Amino acid sequence: MIVNDNKIPDMPPPASTVGAVGWLRKNLFSSWANSILTVVVGYIVISNLIPLIDWVFLTSDWLGDSREDCTSGGACWVFITVRLEQFIYGFYPESEYWRINTIFVMLAGLIAALIFEGTPKKGWLGAFTLLIFPIIAFYLLYGGAFDLEVVETHKWGGLSLTLVLACVGIVASLPFGVLLALGRRSNMPIVRSLSTAFIEIWRGVPLISVLFMASVMLPLFVSGETSMDKLLRALIGITMFQSAYMAEVIRGGLQAIPKGQYEAAMALGLNYWKSMGLIILPQALKLMIPGIVNTFIALFKDTSLVLIIGLFDLLAIVQAALSDPKWLGYSVEGYVFVAFVFWIFCFSMSRYSQALERKLHTGHGAR
Amino acid sequence: MPADLDQSSAPASKTKFWNDPDKRAILFQIIIVVLVVGTIGHFVSNALTNLETRGITTGFGFLSQSSGFDILLTLIPYDATYTFGHTFVVGLLNTLLVGFLGVVLATILGFIMGVARLSNNWLISKLAMCYIETFRNIPLLLQIFFWYVAVLGPLPGPRQSIEIGSAFLNNRGLYTPAPVFESGFWFVVVAFFAAIALCWYLVRWNHRRQDLTGQQFPIFWSSVGILIAVPLVVYFFAGSPMSWDYPELKGFNFKGGNVIIPELTALLLALTIYTAAFIAEIVRSGIEAVNKGQTEASHALGISNAKTLRLIVIPQALRVIIPPLTSQYLNLIKNSSLATAIGYPDLVAVFMGTTLNQTGQAIEIIFMTMAVYLTISLLVSAFMNWYNKIMALAER
Amino acid sequence: MKKLASVAAVSAIAMGLSAGAQAEETLDSVKSKGFVQCGVSTGLPGFSNPDEKGNWQGLDVDVCRAVAAAVLGDASKVKYIPLTAKERFTALQSGEIDILSRNTTWTQTRDTKLGLNFAGVNYYDGQGYMVSKSLGVKSALELDGAAVCIQSGTTTELNLSDYFREHKMSYTPVVFDTSDQTVKGFEAGRCDVLTSDQSQLYALRIKLADPSSAMVLPEVISKEPLGPVVRQGDDQWFNIVKWSLNAMINAEELGLTSANADEMSKSSTNPGIKRLVGKEGPKGEGLGLNDDWAFQIIKQVGNYGEAFERNVGTGSPLKISRGNNALWSKGGFLYAPPMR
């Protein structure tokens, strides 16, 4: 028997299917219709992109201190750079900026540590972020303790107020959301129907009406002299609203836990709260993180609605700056800046949640 | 543990009631009810005392008072002599108008973008991705302001209007000729409905024939033909009972014709583009959820790409698409309340805004407004659930 | 468990009952807090507007400062709460603020049905129209068919509708939430006419890129007496606010200013001045204030004329003439009851 061990080398694939040419043929010019589409759409994109890049970068002005410095005909980013501090800190006294900066740094550090895979004692860190950090942040922001000057909430504004609204909204709605979700899955008919009604009512009305209710009606519901801060009222409204959405995310997570886990917990003789707290919720919470991040994104975008009840969040403060007679006519720059800031936050969070989902998904496949 | 054993060996009648889950549940629920009723009662009695001590008038009597203000856009006859009750209806109709148009437009754009996202043309797919990732990550309110202030704001004034045929575009809106129906026009309306009935019959006939013989009839084009031709023929036979009312520049503004106000345009653009970005993602994941074998099988049968999508993939994908689509529709309707920020006279702007201010009756007005949105939400989800059931039944 | 349930039930009922307890008097609560809570606008030049450093200034703000000077002896002890037109009445009703001083028109509905009391008038205003000069309009009667920008939820909206109906003219209402938005709409050409109280029109005009391109038409179509508002049912506080304003007006009449207050209070023999500064006459007793309450107002805030000139008059960018807001003795409407 003749055995030929010399394998004939593979022929290289045709030149038209590999490399740049192949990629182009496959992805852009696979058929006549596709080729025409590519050319037409490509032309439209390029003819719009070039002036856009030109406006944003090439002929724009970045430095200066008045509108006279905007001479090149492109975007006038001077408007943003001049007022950047106000956009970030609102009307917070300048000498106290360090307090907000400290919170920013702490928050960024905590979040980075929580996202990073190898952080030890993540559970404790998470608990610290959710329970202790808000208290520290409150005293830093508001003052009134440790010799810090009190800064009234109506001086808060800009990006820092946006972050306060979004973070408080999400952290405060977490416990309510857990209770409501458990209530909706409960066997007790009254508890179940009350939770369901609460969730569906808040999910059925627009946030703006909730904010109106909080700002106009809430004061009539509390007794006599106890007057509530405007920001606090907005936060109560947001938390109520957000709890309903949070409850649905948590319910989704609870449903994803196999029934065997519930039964096993019961078989071990654990009571309801123990089986929930020790067996079900720890597993479910992990599954819920993408959902929670997604509701956080939605809330983060929705915080811009507070401008309608007269709080100066990032959008509102830019909007106010646009009516400054010295800077009339730069609305596009203002809106593009706000859009960019929101986009950076939302896009990175949505990427994070997608990555998490993918990671969790493989876990499911393996089971 | 020993204690537990002890108890389980004891007769059932002697079980302490807190160890009996059923009784415990009842007690727990009683506590909850007492707490909830107590809290609500507390708020209500507070509100009543507050209203009482401050001498604020209550009740729904204001609904029959005349409003005294005018509204920019009204779908029913309305002026300042009408009542606050009418104001409520005007606002509600404006909300429904923007909600309905928004849902239709967002669905169309969303499906186009969702399919484009899966296009095998790299440029198209990346473009769709850019669209989705940009617009769904920017707050809607900002987008509304952007379209209203930065895009529609700089349009020229009425005297320098852009002419498009006999329509005019300026910063007060798009003025188009409006049809004026004369007495004989109802013939055309009747003819139109007759044409619809005819098409419906045609579709059924085609189904039966296809089931029997496998032959197909160009049902789409023939229906379009019937829907256009029949009313058109009747229209000419009835002696063209319709004329056009052209907009004309008189004094400050255009008069006559139909006007689409920029507030509506900006709101619709923003709502459509924002919601369609979410719908596109839903459509994409819905289509991806359909087994690839389905597409391959269809191609193997020699069915064209477009037909595969329309007849094989989308009907199956719809089952996955509809539930999340419903919540997007609900979001769109609820988000239309942001109209108040640019002065489009929707329910929130007209009723919870102006009427609340003129009457000062916060509680009644906010409850009415919230009840309306809640009702709309429940109706839309009921409708979509019903539709979802139909789609699910079609599954074999 | 049973015990717990009954405790819960009892406490729930108790909560419900305790709500009926009466609110404490405003004066006492202001004194114990150490500041006056004052509702102002979110920014209206001349009336209530924060400067670059965040200090509130304006004619309406000066009323709040006067009350703080009278009650606490320090005009700076005011906490300003910016409110939109929508929020203003509930904020007062709910006790979030002690005085509403936010160019609010005195009307019967507001005075009688909302549980509020108007403590006087600090500015006699009237609704007017502002148009772009390029339109060539000379009178409001030529405005048939115009698009009009207005702020929602104001008496302005109602007057506008009345005026056009009365003169059988048509118009398109373009309604915005804030006065800022109305100016922007006017500037962008969304509407031909901007309508508001005349004082506001002047204030808003300086927000235009080119203020000289717009003009205020001569017609005044309504009466708009603007003044501070307090809650109904607290007569003492009502009196304090009313007389703080009256003291400012009387001081102008007597020629007492922040500059000469010290000297006049020592040396003047004019019985009117002596009563005003608390050396004679009714003093502060009836109001529950110190005897020098009015002196503190004049020393720290100034008389009405000073406040007017500083905020909206010739000393300000608004340059509004006194007109109706001059003293009665000089052809205006300002007439404060005598302090004796």
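Reading the values: the criteria
Residues numbered from 1 in each chain as written. Chains lettered and ligands numbered in written order. Predicted model: local features only at pLDDT ≥ 70, side-chain atom pairs only at ≥ 80, totals over all residues. Helix = DSSP H or I, 4+ residues; strand = E, 2+ residues; numbered from the N terminus. Rg over C-alpha atoms; globule rule 2.2 N^0.38 Å. Buried ≥ 20, exposed ≤ 12 C-beta atoms within 10 Å, placed from the backbone. Contact = placed C-beta atoms within 7 Å. Nonpolar A, V, L, I, M, F, W, Y, C, P; charged D, E, K, R; others polar. Pairing = 2+ DSSP bridges. Axes fitted to C-alpha atoms, helices over the stretch in contact; angles between N-to-C directions. Domains from an automatic or database assignment. pLDDT = per-residue confidence, 0-100. Core = buried A, V, L, I, M, F, W, Y, C linked by C-beta atoms within 7 Å. Bend = angle between axes of the 7 residues up to and from the residue. Parallel < 35°, antiparallel > 145°, perpendicular 65-115°, else oblique. Left-handed = near helix turned anticlockwise from the far one by under 90°.

Points about the overall build of chain A
Point 1. Within chain A, the secondary structure is distributed over 13 helices and zero strands.
Point 2. Sequence-ordered secondary structure for chain A, helices as α and strands as β, is α-α-α-α-α-α-α-α-α-α-α-α-α.
Point 3. For chain A, whose C-alpha radius of gyration is 27 Å, the value lies well above the compact-globule estimate of 21 Å for 367 residues.
Point 4. Taken along the three principal axes of its C-alpha coordinates, chain A extends 100 × 75 × 40 Å.
Point 5. By residue count, 35% of the 367 residues in chain A fall in the buried class.

A word on the overall build of chain B
Point 1. Along its length, chain B carries twelve helices and eight strands.
Point 2. The C-alpha radius of gyration of chain B comes to 29 Å, more than 25% above the 21 Å expected for a compact globule of 396 residues.
Point 3. Taken along its principal axes, the extent of the C-alpha atoms in chain B is 95 × 70 × 45 Å.
Point 4. Going through the 396 residues of chain B one by one, you find that 35% of them count as buried.
Point 5. Partitioning the contacts of chain B with sequence separation of at least 6, the portion at a separation of at least 24 is 66%.

Quick look at the interface of chain C and chain B
Point 1. Taken together, the 41 residues of chain C in the interface contact 43 residues of chain B.
Point 2. Broken down by element, the residue count for the side of chain C that touches chain B peaks at seven residues, all from helix H1 (residues 2–18) of chain C.
Point 3. Within the side of chain C that touches chain B, the residues separate by chemical class into 19 nonpolar, 13 polar and nine charged.

Considerations on the sheet that holds strand S11 (residues 193–197) of chain C
All names here are of chain C.
Point 1. Within the open sheet, the five strands sit side by side as S10-S9-S11-S8-S12. Their pairing is mixed. Since the sheet does not close on itself, it has two edges, and those belong to strand S10 (171–176) and strand S12 (214–216), each with one partner. For this sheet, the mean inter-axis angle between neighbouring strands, taken without regard to orientation, is 30 degrees.
Point 2. Across six bridges, the pairing between strand S9 (residues 146–151) and S10 is parallel. Looking across to S10, one finds that Ile150 is bridged to Val175.
Point 3. Packing against the sheet, helix H8 (residues 198–205) makes contact with strand S8 (127–132), S11 and S12, and its axis sits at approximately 125 degrees to S11.

Concerning unusual backbone geometry
Residue and element names in this part refer to chain C.
Point 1. Look at Asn103: it is not a glycine, yet its phi comes out positive at around 25 degrees.
Point 2. By the secondary structure assignment, Asn103 is in the loop between strand S5 (99–100) and helix H5 (108–113).
Point 3. The backbone of Lys168 sits at a positive phi, close to 50 degrees, despite the residue not being glycine.
Point 4. Relative to the helices and strands, Lys168 is located in the loop between helix H6 (155–166) and S10.

Some thoughts on the interface of chain B and chain A
Point 1. Contact with chain B, which involves 45 residues of that partner, is made by 42 residues of chain A.
Point 2. Of all the secondary-structure elements, those providing two or more residues to the side of chain B that touches chain A are helix H2 (21–53), helix H4 (122–135), helix H5 (140–152), helix H10 (305–335), helix H11 (347–359) and helix H12 (362–393) of chain B.
Point 3. If you tally residues by element for the side of chain B that touches chain A, the top one is H2(B), at eleven residues.
Point 4. Looking at the side of chain B that touches chain A, its residues break down into 32 nonpolar, eleven polar and two charged.

Remarks on the sheet that holds strand S2 (residues 167–170) of chain B
All names here are of chain B.
Point 1. In spatial order, the strands read S1-S2-S3-S8; together these four strands make up an open sheet with antiparallel pairing. A single partner strand is all that each edge strand has here, and the edge strands are strand S1 (162–164) and strand S8 (258–260). Going across the sheet, the axis of each strand differs from the next one's by a mean of 20 degrees, ignoring polarity.
Point 2. Relative to S2, S1 is paired through three bridges, and the arrangement is antiparallel. From the neighbouring strand, Glu163 faces S2, where its bridge partner is Phe168.

Describing the domain arrangement of chain B
Point 1. For chain B, the domain assignment lists domain 1 (84–177 + 246–393) and domain 2 (179–244).
Point 2. Each of domain 1 of chain B and domain 2 of chain B was reduced to a C-alpha centroid, and the two centroids are 29 Å apart.

Examining the confidence of the model for chain A
Residue and element names in this part refer to chain A.
Point 1. Per-residue pLDDT for chain A averages 82, and the proportion of residues at 70 or more is 95%.
Point 2. No element of chain A has a lower mean pLDDT than helix H1 (residues 19–27), which averages 77, and none a higher one than helix H6 (residues 158–184), which averages 89.
Point 3. Considering only residues more than four positions removed or in separate chains, one finds that residues 363–367, a stretch of pLDDT under 50, has zero contacts.

Digging into the nonpolar core
Point 1. Ranked by internal contacts, the top residues of the largest apolar core, which has 163 residues, are A:Leu211, B:Leu142, B:Ile144 and B:Leu267.
Point 2. Ranked by residues supplied to this core, first place goes to helix H8 (residues 262–289) of chain B with 16 residues.
Point 3. Apart from residues no more than four positions distant in its own chain, B:Ile144 is found in contact with B:Ala266, B:Leu267, B:Ala270, B:Leu338, B:Ala341 and B:Ile342.
Point 4. Among the nonpolar cores identified, the runner-up in size contains 100 residues, and C:Leu92, C:Val148, C:Tyr163 and C:Val183 belong to it.

Describing H5(B)
Since the α-helix advances by 3.6 residues per turn, residues separated by three or four positions end up pointing in the same direction.
Residues and elements named next belong to chain B.
Point 1. The largest bend in H5 comes to about 25 degrees, at Phe146.
Point 2. Across the 13 residues of H5, eleven count as buried, placing the element largely inside the fold.
Point 3. Inspection of H5 places Leu140, Leu141, Leu142, Gln143, Ile144, Phe145, Phe146, Trp147, Tyr148, Val149 and Leu152 among the buried residues, and these make up the whole buried set.

Remarks on the packing of helix H6 (residues 185–213) of chain B against helix H7 (residues 219–237) of chain B
Residue and element names in this part refer to chain B.
Point 1. Remark: H6 packs on H7, axes separated minimally by 8 Å, with the N-to-C direction vectors making an angle of 160 degrees. Here H7 runs roughly antiparallel to H6, going by the angle between their axes. Note on packing geometry: the crossing formed by H6 with H7 is right-handed. For the pair H6 and H7, the contacting residues are Phe187, Val188, Ala191, Phe192, Ala194, Ala195, Leu198, Cys199, Leu202, Val203 and Asn206 in the first and Ile219, Ser222, Ser223, Ile226, Leu227, Val230, Pro231, Val234 and Tyr235 in the second.
Point 2. Across the contact of H6 with H7, the residue classes break down as 17 nonpolar, three polar and no charged.

Observations regarding the pairing of strand S4 (residues 78–83) of chain C
All names here are of chain C.
Point 1. Where burial is concerned, most of S4 is hidden: five out of the six residues are buried.
Point 2. Where strand S1 (residues 36–41) and S4 come together, six bridges link them in parallel fashion. The residue bridging Val40 from the neighbouring strand is Pro82, located in S4.

What about the domain arrangement of chain A?
Residues and elements named next belong to chain A.
Point 1. Domain assignment breaks chain A into domain 1 (78–92 + 156–366) and domain 2 (93–150).
Point 2. Centre-to-centre, using C-alpha coordinates, domain 1 lies 19 Å away from domain 2.
Point 3. Counting residues at the interface gives five residues for domain 1, matched by seven residues for domain 2.
Point 4. The residue inventory of the side of domain 1 that touches domain 2, partitioned by class, reads four nonpolar, one polar and no charged.

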